[in-house]
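Close look at the chain arrangement
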Amino acid sequence: MSSQDIPEENLPAQQSAGDDGHGHGAVSVPDDKHPFADPGLPPHEHRIQDVDERAAKRSERTVALMFTVSMLATVAFIAAFVAIPVDKSVYIFPLGHISALNFALGLTLGIALFCIGAGAVHWARTLMSDVEIADERHPIEAGPDTREKVFADFKQGAKESALGRRKLIRNTMFGALTLVPLSGVVLLRDLGPLPEDKLRHTLWSRGKLLVNMNTNEPLRPSDVAVGSLTFAKPEGLEEHDHEFQNEIAKAALMIVRIQPEDIKDKRELEWSHEGIVAYSKICTHVGCPISLYEQQTHHVLCPCHQSTFDLSDGARVIFGPAGHALPQLRIGVNDEGYLEALGDFDEPVGPAFWERG
């Protein structure tokens, strides 16, 4: 339907009198002062939605449908992220075998974003005003008249957008724009699992045997000589385990034997067995493994930044940038004569925990 077929009384209000489609000061016929004529704006063609409310309602429902599909696609995105296993693959022609999770996330997020954009474009092309307006260039400085005009234009634009009158579009658009950001929030899960209280606990617990890292055999007190340094892990932790690196990074243990009379710290002596003390191997500076032991002074040295700990005095820091003493593990001997843990470390292991936790 063209504007020529529409009865005059059904047409929207025309341009104000005197507005001939040219900008202010423009000329329609060239002369000496203005050698180029202003062709003006083309005649405005009214759309079917401008004169037929039923067509406008159809467009409104179409836009609302697109926003609703966007909301459903966002919900599907979240559901796919939760429900589809990471290692599942599907065959998609002509792509071949691809990750089912990646395909589902890309498809649903693409639909959600596309429908918002398509709905906005359809809204603008069918329901918002499409009358072209020519405006003269004006100085950058905004005077009172300019400000009043800007506010008037904004109010006119808001009115022509029909945002207040087309409540179905408005509500579904707000719903779509509210749900789409949830996709980004859900993707934060890929940063890794929540730490919960995992930093405060290790695999050590009461009754866990101390297993030699080199021989993979449980340790007896006789296996630890005075002046020696032995590294141990919890019973049941094997190198082929999926979580081995994560767990050994918290549970790695170093064992030394000191003459009981040389132990200065009372609690350290109580938590030892016949002078055998067990401390975390993880430096409290940046988490390097401690591996250097000086048996005359009972000092251990971190090779990364030279933090030095006194194992005869509660493993306190005597030199270097480390901020905390090494956590101690309370040990004893079971009925079979093997060294065992009597609990977990007395405090969380690793660097800067107190600043982070």
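Conventions used here
Residues numbered from 1 in each chain as written. Predicted model: local features only at pLDDT ≥ 70, side-chain atom pairs only at ≥ 80, totals over all residues. Heavy atoms only, no water. UniProt positions renumbered as here; feature names shortened; annotations may be inferred. Pairing = 2+ DSSP bridges. Helix = DSSP H or I, 4+ residues; strand = E, 2+ residues; numbered from the N terminus. pLDDT = per-residue confidence, 0-100. Contact = heavy atoms within 4.5 Å. Axes fitted to C-alpha atoms, helices over the stretch in contact; angles between N-to-C directions. 1 Å grid on protein atoms, 1.4 Å probe; cavity = no way out; pocket = protein on both sides within 12 Å on 5 of 7 lines; lining within 4 Å. Points joined across faces, edges and corners; volume = space filled by probe spheres on them. Nonpolar A, V, L, I, M, F, W, Y, C, P; charged D, E, K, R; others polar. Phe/Tyr/Trp six-rings, centres within 6.5 Å; stacked < 30°, edge-to-face > 60°. Lys NZ or Arg CZ within 6 Å of the ring centre and 35° of its normal.

An unreviewed UniProt entry lists the protein chain under the name Cytochrome bc1 complex Rieske iron-sulfur subunit, with Streptomyces tuirus given as the organism. Heading Sequence similarities (unreviewed entry) of the UniProt record for the protein chain holds this comment: "Belongs to the Rieske iron-sulfur protein family."

1. Details of the pairing of strand E4 (residues 229–234)
Pairing of strand E3 (residues 210–212) with E4, which is carried by 3 bridges, proceeds in the antiparallel orientation. Residue Val-211 lies in a different strand from E4, and its bridge partner there is Lys-233. Bridge count between E4 and strand E5 (residues 253–257): 4 bridges; the pairing is antiparallel. Looking at the pairing, Leu-229 lines up with Val-256 of E5.

2. A word on the confidence of the model for the protein chain
Across the protein chain, the average pLDDT comes to 85, with 89% of residues at 70 or higher. Across the protein chain, element-level confidence peaks in strand E13 (residues 339–341) with a mean pLDDT of 96 and bottoms out in helix H8 (residues 353–356) with 54. Long-range and interchain partners of residues 14–19, a stretch whose pLDDT sits below 50, account for 4 contacts in this model, where long-range means more than four residues apart.

3. A short note on the sheet that holds strand E7 (residues 292–294)
Paired through backbone hydrogen bonds, the strands of a sheet run either parallel or antiparallel to each other. Here we have 4 strands laid out as an open sheet, ordered E7-E8-E9-E10, and antiparallel in their pairing. Only two strands of the sheet have a single neighbouring strand rather than two, namely E7 and strand E10 (316–319). Each strand of the sheet is rotated relative to its neighbour by a mean of 30 degrees, with strand direction disregarded. Where strand E9 (residues 308–310) and E10 come together, 3 bridges link them in antiparallel fashion. Looking at E10, one finds that Thr-308 is bridged to Phe-319.

4. Thoughts on the layout of surface pockets
A volume near 270 Å³ is recorded for the second largest pocket. As for the second largest pocket, its lining consists of 13 residues, of which Lys-198, Leu-199, Asn-246, Ala-249 and Lys-250 are closest to the centre. At 5 residues, helix H6 (residues 244–251) tops the list of elements feeding residues into the lining of the second largest pocket. Residue composition of the lining of the second largest pocket, by class: 5 nonpolar, 3 polar and 5 charged.

5. Quick notes on the packing of aromatic side chains
Summed over the entire model, instances satisfying the criterion amount to 0 aromatic pairs. Note that Arg-220 overlies the ring of Tyr-338, its terminal NZ or CZ placed 4.1 Å from the centroid. Geometry around Trp-271 places Arg-267 over its ring, the cationic atom sitting 4.3 Å from the centre.

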